[in-house]
Amino acid sequence: MTQPWWFVLLLCWWPVHNLVLAAFSWRAPRPASERSSRPLLFWIVIPALNEERVIANTVRNALRLGTPETPVRVLVIDDGSDDGTPEIVAGIADERLHVLRRDLPQARRGKGEALNAGYQYIDAIAEREGTVSQTVVGIIDGDGRGSAGLLTEVAAMLRSRGVGAVQCRVRIHNRHRLLALLQDVEFGAIADASQSLRDVLGSVGMGGNGQFTRLSVLRKFGPSPWSDCLVEDLELGLRLHLAGVRIRYTQRAWVTQQGLEDTRRLLRQRTRWAQGNLQCSRHLRSLATSRFIAGTGLFDFLVYLVVPWLTVPLSLLAAALLVIVPVALLTGNSFGGLVAETGNLAQAVALWLAALLLPGIMWAIVYFVRLRDEPPHRALLAGLCYPAFLLLGVLATWRAVFRIVLKRNVWAKTERLAELPA
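Just so it is clear, the model here is predicted, and its values are computed rather than measured.

Each value, and the rule that gives it
Residues numbered from 1 in each chain as written. Predicted model: local features only at pLDDT ≥ 70, side-chain atom pairs only at ≥ 80, totals over all residues. Heavy atoms only, no water. Phe/Tyr/Trp six-rings, centres within 6.5 Å; stacked < 30°, edge-to-face > 60°. Helix = DSSP H or I, 4+ residues; strand = E, 2+ residues; numbered from the N terminus. Buried < 20%, exposed > 50% of the residue type's maximum accessible area, 1.4 Å probe, protein only. UniProt positions renumbered as here; feature names shortened; annotations may be inferred. Pairing = 2+ DSSP bridges. Contact = heavy atoms within 4.5 Å.

According to the stated counting rule, one finds five aromatic pairs in the structure shown. Where Trp 398 meets Phe 402, the ring centres are 6.1 Å apart and the plane angle is 35 degrees; that geometry is what we call tilted. Within this pair, Trp 398 and its partner Phe 402 are both found in helix α13 (residues 376-405), separated by four residues, close to a single helical turn. Assessed through its relative accessible area of 26%, Trp 398 is described here as partly exposed.

So, on to the UniProt feature "transmembrane region" (unreviewed entry) in the chain. With numbering matched to this structure, UniProt assigns "transmembrane region" (unreviewed entry) to residues 6-26, 292-310, 316-336, 348-369 and 381-406. Annotated as 84% helix and 0% strand, the span residues 292-310 places its first and last C-alpha atoms 27 Å apart. From the first C-alpha to the last, residues 381-406 spans 38 Å; its make-up is 96% helix and 0% strand.

An order of β3-β2-β1-β4-β7-β6-β8-β5 is seen for the eight strands of this open sheet, with the pairing classed as mixed. Only two strands of the sheet have a single neighbouring strand rather than two, namely β3 (97-102) and β5 (145-146). Where β5 lies against strand β8 (residues 246-257), two bridges are found, and the strand directions are antiparallel. Bridging from a neighbouring strand, Arg 145 pairs with Thr 256 of β8.

Turning next to unusual backbone geometry. The phi angle of most residues is negative, glycine excepted, and most peptide bonds adopt the trans form. In the segment running from Leu 104 into Pro 105, the intervening peptide bond is cis, with an omega of 10 degrees. Along the chain, Pro 105 turns up in the loop between β3 and α4 (111-129). Located in the positive-phi region is Asn 50, a residue other than glycine, with phi close to 55 degrees. A relative accessible area of 27% means that Asn 50 is categorised as partly exposed.

Among the ten residues that make up helix α2 (residues 55-64), eight are buried, leaving the element largely enclosed by the rest of the structure. Those residues of α2 lying buried are Ile 55, Ala 56, Asn 57, Thr 58, Val 59, Asn 61, Ala 62 and Leu 63. Those residues of α2 hidden inside the fold are in contact with β1 (41-48), β2 (72-79), α3 (85-90), β3 and β5.

Bringing the pairing of strand β4 (residues 135-139) into the picture now. Within β4, five of the five residues are buried, which leaves it mostly tucked inside the rest of the structure. Where β1 lies against β4, five bridges are found, and the strand directions are parallel. Across the sheet, the residue bridging to Ile 44 is Gly 138, located in β4.

Right, here's the structure in full:
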């Protein structure tokens, strides 16, 4: 029996969507050829709350990113740490390192508040030195490591006319376990392809790690460019787009971060992310009426702000199908063609498995071919486990919806894993 047209469309949408994204994995966004005689001056901001396990490696890496053409200063925002973070940072002797200590009750009010304090600190120095137009503010989390030549690539992107911010690629550096490997496939392949497409559409999103913004652009938003949104990075990107600021994406420079190695912590992180994404839907009307956003770029914004709200009803539909199928097999009722007749059961199961597994296998191939730093059997294993990883995201969205209903908006910090000195 023929399946309903809407059901076939729904089943095919996911593989086709992933196929289109995968095509952009081979597009490498490049800077324009424009050059400027005025060098850019970089500040790398590291928000730190109880980061004793990782902060030394992060600060030393950030200081090493500077070059004569792209000088760097590093600002650690100690947001009320009560572990060994202050002592570790104090033990790093470098005149380019600045530390901004925040104490309770001002501290621990979320990452956005800490970043605003850091921005105000940098803005005051740049104003005093007369370097506001040359200054770039970059964010690297407490567990982040920038790639060699990162600032050179970012500077090249920022020289393009109208570009006010750059988002770098993100990778996972502790991917020896399967769960962290799945996160690396997600960031290094899938998110990378999405951002490469958005670089064409003009809808690049900002992430917490590896975002760089001109100080003069941040000044457009007064003393608080970052909000209390649980994904303050994504919301800043939306506000930049609404202000007509162009954001570029580069995969030629990247920041690596820790992946979470247990499901409980990952679920908590993804719940915060999902809740923040749902909060960002408050910008839908402004995006739809903005004179700076139109066409396919607007469509992309609408999709990734609306789809999280559809996760709950679609997951309910999937759960209903899990109940309907055994009932149909027992009673012979096809429910209007929704369930295949017994004679077509093998074909229907094959179609479902293909729709479920092929996108993950495709991303495993992209991940292996493009990055070449994991053996093929590990990439394939991650691809086969990808549907279960997506299921974790669905569960996180459900939790996020309940948190919104209960008006719970607490910023839950991601816990770090201990590292050896770099």
